[in-house]
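Spelled out, the chains give:
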Amino acid sequence: MLTATNPGTSASNTILLRVFYHDFPKFRSVQAAVVGFVLFFSTGLYFVISRKWKQSKLSGLSRAYLLPPVIDIPVDEVSKQTYESALKEYGSVIGIRRKGTLEYIVDESLTKEVLSNDQDFSFERGTARLLNLPFILPLSKGKFFKDVHTTVVGGTIPRMDKLVDKIFPIFERQAHRIVKDSQLSGKGVDLSAHVHRCIAEAMLIIILGENFLDDHTLRMTEETAHAIPNMAGMYPDPSPFARWFPKIWNVITWVRLVVEVIILQYCWVIVPIIWKEIRARKYQPLNSHVSKDNSERERHNEPLIHYIAGMYADTQGRVSIASAIWVFILIIAFIFASVQQTAASAVWVIFELSIRKEYLPSIGEELSTVADSIDSDGIHRLSYDSLCRSHVLDSFVREVLRTRVDSLDMIRETTRDVLLGGYTIPKGPVLLIDLFNNPLTMMHRCAGNLVRPMATLTNHSKVLNGENAAQFDPTRWLEGPASSTVSSGYLTFGYGRWACPGRILAVTGMFAIKRSDSISVPEVEGGECVVADPLNMMSLPPIGH
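Residues numbered from 1 in each chain as written. Predicted model: local features only at pLDDT ≥ 70, side-chain atom pairs only at ≥ 80, totals over all residues. Heavy atoms only, no water.

Secondary structure summary: the chain contains 22 helices and 12 strands in total. Burial analysis of the chain (545 residues in total) assigns 48% to the buried set. In the chain, the share of contacts with a sequence separation of at least 24, taken over all contacts with a separation of at least 6, comes to 73%. Carbon and sulfur atoms form 59% of the exposed surface of the chain, whose accessible area is close to 27700 Å². (Helix = DSSP H or I, 4+ residues; strand = E, 2+ residues; numbered from the N terminus. Buried < 20%, exposed > 50% of the residue type's maximum accessible area, 1.4 Å probe, protein only. Contact = heavy atoms within 4.5 Å. Areas by Shrake-Rupley, 256 points an atom, 1.4 Å probe, with all protein chains shown as cover.)

Written as C-alpha cells, this is what we have:
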C-alpha cells in the first residue's frame, strides 16, 4: 500500500519497509492506527475551517454572487413564447443552455443597460463568438469590427444617391425575371432565392464595380453569403446529431464550409480580382489631408474595394500583403451583412405586403407622387431623395421590421462579473460549492458568459410602443421616425454605439425591391408562410412561394 500512495519511494526503501512490517506486525497495526487518526483529524479540520471561511465570505458576498436561475427548455419546445414565459416566471435574468453553451437572457427592463454599457458587455467579443470566429479579434488586434463599421459608414452611406442609381435597374430586371419564371412554370417561385440573387448582384457591383460582374462571380458571392450564417450555426439543422452534439456539429460544418466555399470558391474566384485591384495601383490613404476634397469626390464614383484599399494604404499609397489579407476578410464580412440580412428582411416585407394587400394602393400612390420621372415604359424612376420621401412605405417597412424582429439576434459578452437584475452575470466559468447552506446547488457550474436581450419584449412593449404594440399597424410611424432610425423601443438594427451601420443601405435596398416588385403584385401560396426559426425570424427568410 505504501508503494501505491508514494510512487516516489525508491526500490530499496520499499524492500526495507516490507521486511520491517513483515517482521514486526505490531508496528504495522500501530502505524495504520496513527495514519488513520491523522487522516480523520485533517479531514475534519479542513471541513471546519472551510465552513467558517465559506460562511464569512458568503455573509458579505452572497447577494453579489447570486447567479441567475438556469432553466431547462427541451429542444422541441424552444419558441419565443417559452422564453418569454420563463422570463416572466423566473425574473428578468435567466440562464438557458443553447447549442451546448449556457447563455443569459434578459427582458426589456435590462435590455438598454446591456446594449449601451460597452465597458461591461462587449459587442465585439460576443459577435465574434456568435460567428464562431473568436480568433478574429486577436489577429486583427481588436480592430476588425471597427474596420467593418468604417467600411460601411464611410464607403457606402455618403454615396447612397449614386448607389441607388446603379442598383435600381438590377431590382427591376429581377422583378421581371420573377414574373417570367412564374408564368413559364405555372407555379409559384422561390422568392427568397430571387431576392438573394438580386441583392448579391447589387452588392457585387457596389464592391467591385460592373466590370467584374458575371455569372461565375455572382454565384460565388451568393455561396459566400450563404456560407457565413451556416458557419455561425444560424440555420436550424434537423439532424439528430446536430441537436445532440451541437458543438461538434458546428466544428464539422465550419471546417467543411471554410474548405468548400471560402478556400475553393471565394479564394479561387473573388480573391484574385481583389488582389489585382488593390495591388495594381496606389491609393490615397484615408487619413491623408492632401487633396481631401478631390479624393472624396473620386471615391464616391469608385467601387467600395478602392475605399477599403485606402483604409489600409501606407504613406506611399501601397497596400501590403498582410493588409491585403484583411481586405479579403472585410469583403467577406460585408457580403454576409449586406446580402444575407438584407435579402431576408426584404423577403419578409414582400410577404407581408402580399398578405396585406389593402395597403398596396396607398403605397403605390405615394411612390408615383414622389417619383422623379417616368420612363418610356411607364415606370417611375426613384432617386435616393425620393425614396427618403416615401413615408407610407417607410412606415410599413418599419412596422414589419418591428414585429418580425429576431428574438435573440443581439449578443454581448461580459468583460467582468456584472451585477444585473439582482444577480451576478459571471465573466467566465465559475464553480460555486456550498455544502452547508444549500445542498441542492452544491456544485453549480456556469460555463457561459454570453448575454442576449429578448428583443421581442422590447419591440412589443406597451410602455415603449403604445397599448396596441402587439398588433401590426403600418400607420404607426407615418410621423416618423424613419425605419432606419434606432431607438430604445425599436431594436431591429440594434442599439447604442454598435447599432447596425448598414441599416440605411439595407432599408434602401428593401425600398427599391418593393418599387420593382410593384410591377406585379405577388401572391403567397396558401395565403401564409412558414417561419424558418421562431427565435430568428428576420435573419432567416420565411419559407413559402
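Now for the nonpolar core. The biggest cluster of nonpolar side chains holds 100 residues, and the ones touching the most others in it are Tyr266, Ile274 and Ile331. For this core, the element with the most residues is helix α16 (residues 321-355), which contributes 20 residues. Among residues more than four places away in sequence, those in contact with Ile274 are Leu208, Tyr266, Ile305, Val327, Phe328 and Ile331. (Core = buried A, V, L, I, M, F, W, Y, C linked by side-chain atoms within 4.5 Å.)

For the rest of this paragraph, the subject is helix α13 (residues 246-279). In this model α13 runs just 41 Å from its N-terminal to its C-terminal C-alpha over 34 residues, more than 12% under the 50 Å that 1.5 Å per residue would give. Helix geometry: α13 is bent most strongly at Cys267, by close to 55°. (Expected span 1.5 Å × (residues − 1). Bend = angle between axes of the 7 residues up to and from the residue.)

A few words on a negative patch on the surface. Residues Asp161, Asp165, Asp372 and Asp385 make up a contiguous surface patch of negative charge. Topologically, Asp161 is positioned in helix α9 (residues 160-185). (Patch = residues over 30% accessible without salt bridge, like charges linked within 9 Å, V, L, I, M, F, W, Y side chains within 5 Å. Salt bridge = Lys/Arg side-chain N within 4 Å of Asp/Glu carboxyl O. Lys, Arg positive; Asp, Glu negative; His and termini not counted. Charge placed at Lys NZ, Arg CZ, Asp CG, Glu CD.)

Now for helix α4 (residues 80-90). Of all the positions in α4, only Lys80, Tyr83, Glu84, Ala86 and Leu87 are classed as buried. Down the axis, α4 shows its buried residues gathered within 155° of arc, on one side only. Away from its buried face, by an angle of more than 90 degrees, α4 presents the exposed residues Lys88 and Glu89. The positive-phi residue at the C-terminal boundary of α4 is Gly91, with phi of around 125°. (Arc of directions from axis to C-beta.)

Next up on the list: the environment of Thr82. With respect to the helices and strands, the residue Thr82 is situated in helix α4. Dropping the residues within four chain positions of it, Thr82 is found in contact with Ile73 and Glu77.

Right, let's get into the pattern of salt bridges. Counted under the stated rule, the structure contains 14 salt bridges. Between Glu413 and Arg129 there is a salt bridge, with its nearest N and O atoms 3.5 Å apart. One end of the pair, Glu413, is in strand β7 (residues 412-414); the other, Arg129, is in helix α6 (residues 123-130), and 284 residues separate them in sequence. With relative accessibility at 10%, the residue Glu413 sits in the buried group. The residue Glu399 makes a salt bridge to Arg476 at a minimum N-O spacing of 3.2 Å. Placement of Glu399 in helix α19 (residues 391-403) and of Arg476 in the loop between α21 (462-465) and α22 (503-517) is noted, with a sequence separation of 77 residues between them. Among the residues examined, Glu399 registers a relative accessible area of 0% and is labelled buried. Here Arg476 falls in the buried class, since its relative accessible area comes to 18%. Taken together, the shared-partner salt bridges connect Arg98, Glu103 and Arg452 into one network.

The next point concerns the sheet that holds strand β1 (residues 70-71). Read across the open sheet, the 6 strands follow the order β1-β2-β3-β12-β7-β4; overall the sheet is mixed. Every interior strand has two partners, whereas the edge strands, β1 and β4 (121-122), have only one. (Pairing = 2+ DSSP bridges.)

For the rest of this paragraph, the subject is the packing of aromatic side chains. This structure, assessed with the given rule, holds 9 aromatic pairs. Ring geometry for Phe135 versus Trp254: centroids 6.0 Å apart, planes at 85°, classification edge-to-face. Highlighted residues: Phe135 in the loop between α6 and α7 (136-139) and Trp254 in helix α13, separated in sequence by 119 residues. The structure contains a cluster of three or more aromatic residues connected by ring pairs, namely Phe123, Phe144, Phe145, Trp326 and Trp498. It is Arg398 that lies over the ring of Tyr490; its NZ or CZ is 3.7 Å from the centre. (Phe/Tyr/Trp six-rings, centres within 6.5 Å; stacked < 30°, edge-to-face > 60°. Lys NZ or Arg CZ within 6 Å of the ring centre and 35° of its normal.)

Across the chain, pLDDT averages 76, with 74% of residues at or above 70. Considering only residues more than four positions removed or in separate chains, one finds that residues 1-30, a stretch of pLDDT under 50, has 9 contacts. Of the regions scoring below 50 in pLDDT, residues 430-448 engages in 37 contacts with residues more than four places distant in sequence or in other chains. (pLDDT = per-residue confidence, 0-100.)

What follows deals with the pairing of strand β3 (residues 101-106). A regular strand places its side chains on the two faces of the sheet in alternate fashion. The buried count for β3 comes to 6 of 6 residues, which makes it a mostly enclosed element. Residues of β3 alternate between two faces, with Thr101, Glu103 and Ile105 on one and Leu102, Tyr104 and Val106 on the opposite face, all of them buried. With 6 bridges joining them, strand β2 (residues 93-98) and β3 adopt antiparallel strand pairing. Paired with Gly95 across the strands is Tyr104, a residue of β3. The hairpin turn running from β2 into β3, its antiparallel successor, is 2 residues long, and Lys99 in that turn takes a positive phi close to 55°. Across 4 bridges, the pairing between β3 and strand β12 (residues 450-453) is parallel. From the neighbouring strand, Glu103 faces β12, where its bridge partner is Leu450.

A separate point is the pairing of β12. Burial along β12 is two-sided: Leu450 and Arg452 facing one way and Val451 and Pro453 facing the other are all buried. Taken together, the 2 bridges between β7 and β12 define a ladder with antiparallel strand orientation. Bridge assignment links Arg412 to a residue of β12, and that residue is Val451.

The next thing to look at is the packing of helix α8 (residues 144-155) against α16. Two numbers describe a pair of packed helices, the interaxial angle and the distance between the axes. Viewed as axis vectors pointing N to C, α8 and α16 meet at an angle of 65°, and their least axial separation amounts to 10 Å. Classed by the angle they form, the pair α8 and α16 counts as roughly perpendicular. Crossing handedness for the pair α8 and α16: right-handed. Of the residues in α16, those in contact with Phe144, Asp147, Val148, Thr151 and Val152 of α8 are Trp326, Ile329, Leu330, Ala333 and Phe334. (Axes fitted to C-alpha atoms, helices over the stretch in contact; angles between N-to-C directions. Parallel < 35°, antiparallel > 145°, perpendicular 65-115°, else oblique. Left-handed = near helix turned anticlockwise from the far one by under 90°.)

Moving on to the environment of Tyr495. With respect to the helices, strands and loops of the structure, Tyr495 is situated in the loop between α21 and α22. What makes Tyr495 buried here is its relative accessible area of 17%. Considering only alpha carbons, one finds Tyr495 and Thr111, 384 residues apart in sequence, at a separation of 9.4 Å. The contact partners of Tyr495, leaving out residues within four places of it in the chain, are Lys112, Leu115, Ser116, Arg412, Ser487 and Ser488.

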